[in-house]
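# Coordinates in review
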Amino acid sequence: MKIKDRSTMVFDVIKGILLTILSILCVLPFIVIISGSFTSNSAIIRDGFSLFPREFTVEAYNTIFKTPKDIIQAYKMNVYYTFMGTVLGLLVITLTAYVISRKEFKYRNTVSFLIYFTTIFGGGIIPWYLMYANVLGLRGTTLAIWFPALMTPFLVILMRTFIVGAVPDAVVESAKIDGAGHWTIFWKIVLPVLGPGLATVGLFQALGYWNDWYRASMFSTNSSTWSLQFYLYDLVNSTQAIKQMAQYASVNTGDLPTQSVKLAMAVVATGPVLLFYPFVQRYFVSGITVGAVKG
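Residues numbered from 1 in each chain as written. Predicted model: local features only at pLDDT ≥ 70, side-chain atom pairs only at ≥ 80, totals over all residues. Heavy atoms only, no water.

## Section: the pattern of salt bridges
Across all of its chains, the model carries 7 salt bridges by this definition. Linking Glu104 and Arg102 is a salt bridge whose minimum nitrogen-to-oxygen distance equals 3.9 Å. Accessibility expressed as a relative area gives 39% for Glu104, which makes it partly exposed. Classification of Arg102 by relative accessible area gives buried; the value is 5%. With a shortest N-O distance of 3.2 Å, Asp169 and Lys103 are connected by a salt bridge. (Salt bridge = Lys/Arg side-chain N within 4 Å of Asp/Glu carboxyl O. Buried < 20%, exposed > 50% of the residue type's maximum accessible area, 1.4 Å probe, protein only.)

Here's what the structure looks like:
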């Protein structure tokens, strides 16, 4: 018994040390990013990155927040795109996954294959753009930014796996015997036990929308519809363009914080995600016995 206790203690110590090292390795890059965002651009170019700012300055954040109305508008649009895309996307994905998870649906294998097929082959960027911009006429609208990513094939397959694992066929059959239809089964039986699945798929959806800049660059015709990521991307490009033009014209513009602005951008863009993630994380480890059939 003593040997077992000693081996368990050694295992716990080694486990704690390894987890501590891994945690530090995960946190260090973000500490470097925060430190670099408060470091002068010349210090970064001269000395590289460090855990603590060598020459403390907030010039990078002053550059980003030089026009507060613009960045607040970009934040608003990012929240709007993320909310609309995540909520409606979860609804569409969950309904689709429920349909193809039911064995009584005759064409479920065919539909599942067609959904999976789109993860391997696509029509290309140009046909995709022409369909949304010209055929559907969505260019210049906010709908064009969040609608194309409403349904992701991988997330449909993932949600189908959650439904099959969480809702046994016996439960569905019992509900049908009691006279429940598919809408009743979906809303009152399937949906309540999909907490971990909804949290997982919702987090994938939300992160995808929050970090997207590509659709805004293709479909936005007005800066008021820019997402946060595209706004920050345009800001960095503008700063670099000004610096290059000044070099060609032999004009001294001072020390434009191009490197520190990139790091400050990462802090501004990831801050809300870091605050939101802890509230969702608990759902990943919950529901281990959800959907179990009790005798």
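## With respect to the layout of surface pockets
As a volume, the largest pocket reaches approximately 360 Å³. Every residue lining the largest pocket is counted, 16 residues in all, and those nearest its centre are Thr118, Phe121, Gly122, Trp128 and Pro153. Looking at the lining of the largest pocket, the elements with two or more residues in it are helix H5 (108–117) and helix H6 (125–135). For the lining of the largest pocket, the element with the highest residue contribution is H6, accounting for 3 residues. Taken together, the residues of the lining of the largest pocket break down into 10 nonpolar, 6 polar and no charged. (1 Å grid on protein atoms, 1.4 Å probe; cavity = no way out; pocket = protein on both sides within 12 Å on 5 of 7 lines; lining within 4 Å. Points joined across faces, edges and corners; volume = space filled by probe spheres on them. Helix = DSSP H or I, 4+ residues; strand = E, 2+ residues; numbered from the N terminus. Nonpolar A, V, L, I, M, F, W, Y, C, P; charged D, E, K, R; others polar.)

## Observations concerning empty space enclosed by the protein
Evaluation of the coordinates by the stated rule reveals 1 cavity of 30 Å³ or more. By volume, the largest cavity is sized at about 50 Å³.

## Quick word on the environment of Asn211
Among the secondary structure elements, Asn211 is positioned in the loop between helix H11 (195–210) and helix H12 (214–219). Sequence separation of Asn211 and Phe230 is 19 residues, and the distance between their C-alpha atoms is 9.1 Å.

## Some details on the side chain of Ser50
Mapped onto the fold, Ser50 is located in the loop between helix H2 (41–47) and helix H3 (59–64). A polar contact is formed between the side chain of Ser50 and the backbone oxygen of Phe52, at a distance of 2.5 Å. (Polar contact = N/O pair within 3.5 Å; in protein donor to acceptor, adjacent residues only side chain to side chain.)

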